[in-house]
Amino acid sequence: MLPRHKRLLGILVTLIGVTVAITLILSSFQDNLLYYVTPSEAIKKIDDDQSKFRIGGLVEVGSFKRKDGSLQSRFVLTDGIESVEVNYIGILPDLFREGQGIIVTGKFDKMKIFIATEVLAKHDENYMPPDIHALKESTS
Amino acid sequence: MNLKKIYKYGSPPNFYRFAMKLEPWCLSLGLFLIAIGSIGGLFVAPKDYQMGDAFRIIYFHVPSAYLSMSAYAAMGIASIIGIVWRSNVAFAVAKSIAPFGALMTAVALITGMLWGKPMWGTAWVWDARLTSEFILLLLYFGYITLHATIKEQKKADRAASLLAILGIINLPIIHYSVVWWNTLHQASTISKLDSPSIVGEMLWPLLLMIIGYMIFFIGVICRGGSAEVLMREKRSNWVKEV
């Protein structure tokens, strides 16, 4: 074996070793690396003693209500299986609308309503001009 | 493959001459493509149906994020070549990539924050994509600092290169973070070739920008790498001739 082959082998073995180690670390922290849980998973945690956590889902169409003259809003977050009622006081992001993916931070109150302290809009990876979007909507 | 031909460029004077020839072409062609791409992205491409004009920041965010990772891959490969073949030119190239890569990472993070603030409602969250890209910035800083703190050239090269090589593991983590974990950051748009999620009239300026950044980057390597080679070889005869 030439010295440079030894060095190449050394690098490869080290890289593989560290990759395995990092894979193990990341997979054992899987739950903490998830930025949010779905409404179905959130429902299971409803009776737990809670600290703040995040739920991500779609704003159910027709569920959005805002108290006139205030920043207080109410909407339902759904993943198509379960849904969670959310209460939030504050300014909503530009992309907030019904049918949109949203991430809320907060916890459940005694009425099983999720009291959000932060609302973030999740953007999807699709980009298109308005006319093409309208076309897609009408064909689907 | 004729290995001898490649080895030829590993010799400092040959690399220097080759890089000096390539540099002006890459820098000017790169800038030209970036200019066309910017005009296309900022003025020609249509508005997005949801984000309006704000989506146009994609034309700077995606190319710089893309380059932050490609530059790191290039730095990692140069480091491996440097260590395995004891190539001074490869070490010089790796060292010259680091500041540019750090700059691209910073630009990607900053444009992302400017985009996130109005659209998501926040400039920064510690989700998997943003965190792993931030770690990339730290890796670049680590490489630069490590290289700067060790006085002896050979030791500095070896130590910094080892860090660069270990950091390669972060690249697939950045790329797949949006697939492996729930993140606030959206999934990839153009790297899934089967069904591009962006219409053609929005896509072409983006591709021009990415190719322009790439070619410009090669020019930057030529410039930085050849300057670094000159520094390292300042006592040799061929440098005195140029």
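Everything discussed here concerns the structure shown above.
Residues numbered from 1 in each chain as written. Chains lettered and ligands numbered in written order. Predicted model: local features only at pLDDT ≥ 70, side-chain atom pairs only at ≥ 80, totals over all residues. Heavy atoms only, no water.

Turning our eyes to something else, we now look at the overall build of chain B. Assigned secondary structure in chain B consists of 9 helices and 0 strands. For chain B, the N- to C-terminal ordering of α and β elements is α-α-α-α-α-α-α-α-α. For chain B, whose C-alpha radius of gyration is 20 Å, the value lies close to the compact-globule estimate of 18 Å for 242 residues. For chain B, the accessible surface area stands at approximately 11,700 Å², while carbon and sulfur atoms represent 71% of it. In chain B, 21 side chains carry a positive charge and 12 a negative one; their mean positions are 11 Å apart. (Helix = DSSP H or I, 4+ residues; strand = E, 2+ residues; numbered from the N terminus. Rg over C-alpha atoms; globule rule 2.2 N^0.38 Å. Areas by Shrake-Rupley, 256 points an atom, 1.4 Å probe, with all protein chains shown as cover. Lys, Arg positive; Asp, Glu negative; His and termini not counted. Charge placed at Lys NZ, Arg CZ, Asp CG, Glu CD.)

Let's shift gears to the side chain of Glu 233 of chain B. In this structure, Glu 233 of chain B sits in the loop between helix 8 (200–232) and helix 9 (237–241). There is no salt bridge for the buried Glu 233 of chain B, and the closest opposite charge comes from Arg 232 of chain B, which lies 7.9 Å off by N-O distance. (Buried < 20%, exposed > 50% of the residue type's maximum accessible area, 1.4 Å probe, protein only. Salt bridge = Lys/Arg side-chain N within 4 Å of Asp/Glu carboxyl O.)

Attention shifts here to the packing of aromatic side chains. Throughout the structure, instances matching the rule amount to 16 aromatic pairs over all chains. Ring geometry for Trp 126 of chain B versus Phe 134 of chain B: centroids 5.8 Å apart, planes at 80°, classification edge-to-face. Looking at Trp 126 of chain B, the relative accessible area reads 57%, which means it is exposed. On the basis of relative accessible area, Phe 134 of chain B is assigned to the partly exposed category, the value being 28%. Taken together, a centroid distance of 5.4 Å and an interplanar angle of 20° make the contact between Tyr 176 of chain B and Trp 180 of chain B stacked. One end of the pair is Tyr 176 of chain B and the other is Trp 180 of chain B, both in helix 7 (residues 170–180) and 4 residues apart, which spans about a single turn. When its relative accessible area of 39% is taken as the criterion, Tyr 176 of chain B is described as partly exposed. The class for Trp 180 of chain B is partly exposed, based on a relative accessible area of 44%. Through pairs of rings, three or more aromatic residues link up here, namely Phe 53, Phe 108 and Phe 114 of chain A. (Phe/Tyr/Trp six-rings, centres within 6.5 Å; stacked < 30°, edge-to-face > 60°.)

Here the focus is the packing of helix 4 (residues 88–119) of chain B against helix 8 of chain B. Residues and elements named next belong to chain B. Remark: helix 4 packs on helix 8, axes separated minimally by 8 Å, with the N-to-C direction vectors making an angle of 130°. It follows from the interaxial angle that helix 4 and helix 8 lie oblique. Of the two possible hands of crossing, helix 4 and helix 8 adopt the one that is right-handed. Contact residues: Asn 88, Val 89, Phe 91, Ala 92, Val 93, Lys 95, Ser 96, Ile 97, Phe 100 and Met 104 in helix 4; Tyr 213, Phe 216, Phe 217, Val 220, Ile 221, Gly 224, Gly 225, Glu 228, Val 229 and Arg 232 in helix 8. Partitioned by chemical class, the residues of the contact of helix 4 with helix 8 number 13 nonpolar, 4 polar and 3 charged. (Axes fitted to C-alpha atoms, helices over the stretch in contact; angles between N-to-C directions. Parallel < 35°, antiparallel > 145°, perpendicular 65-115°, else oblique. Left-handed = near helix turned anticlockwise from the far one by under 90°. Contact = heavy atoms within 4.5 Å. Nonpolar A, V, L, I, M, F, W, Y, C, P; charged D, E, K, R; others polar.)

Note: interface size is frequently given as the accessible area lost on complex formation between the parts. Counting residues at the interface gives 36 residues for chain A, matched by 43 residues for chain B. A buried area of about 3,600 Å², summed over both sides, lies between chain A and chain B, and 63% of it is on carbon and sulfur atoms. Here chain A is connected to chain B by 0 salt bridges. Here chain A is connected to chain B by 12 residue pairs in polar contact (both at pLDDT 80 or more). (Buried area = accessible area lost by both parts, 1.4 Å probe. Polar contact = N/O pair within 3.5 Å; in protein donor to acceptor, adjacent residues only side chain to side chain.)

Across all of its chains, the model carries 8 salt bridges over all chains by this definition. Glu 85 of chain A is the partner of Arg 74 of chain A in a salt bridge, and the nearest nitrogen-oxygen pair spans 2.6 Å. Here the residue Arg 74 of chain A occupies a position in strand 3 (residues 72–78), and Glu 85 of chain A occupies one in strand 4 (residues 83–89), the gap between them amounting to 11 residues. The partner of Lys 47 of chain B in a salt bridge is Asp 53 of chain B, with the nearest N and O atoms 3.9 Å apart. Given the relative accessible area of 46%, Lys 47 of chain B is considered partly exposed. Each of Lys 95, Asp 157, Glu 228 and Arg 232 of chain B takes part in one network of salt bridges that share partners.

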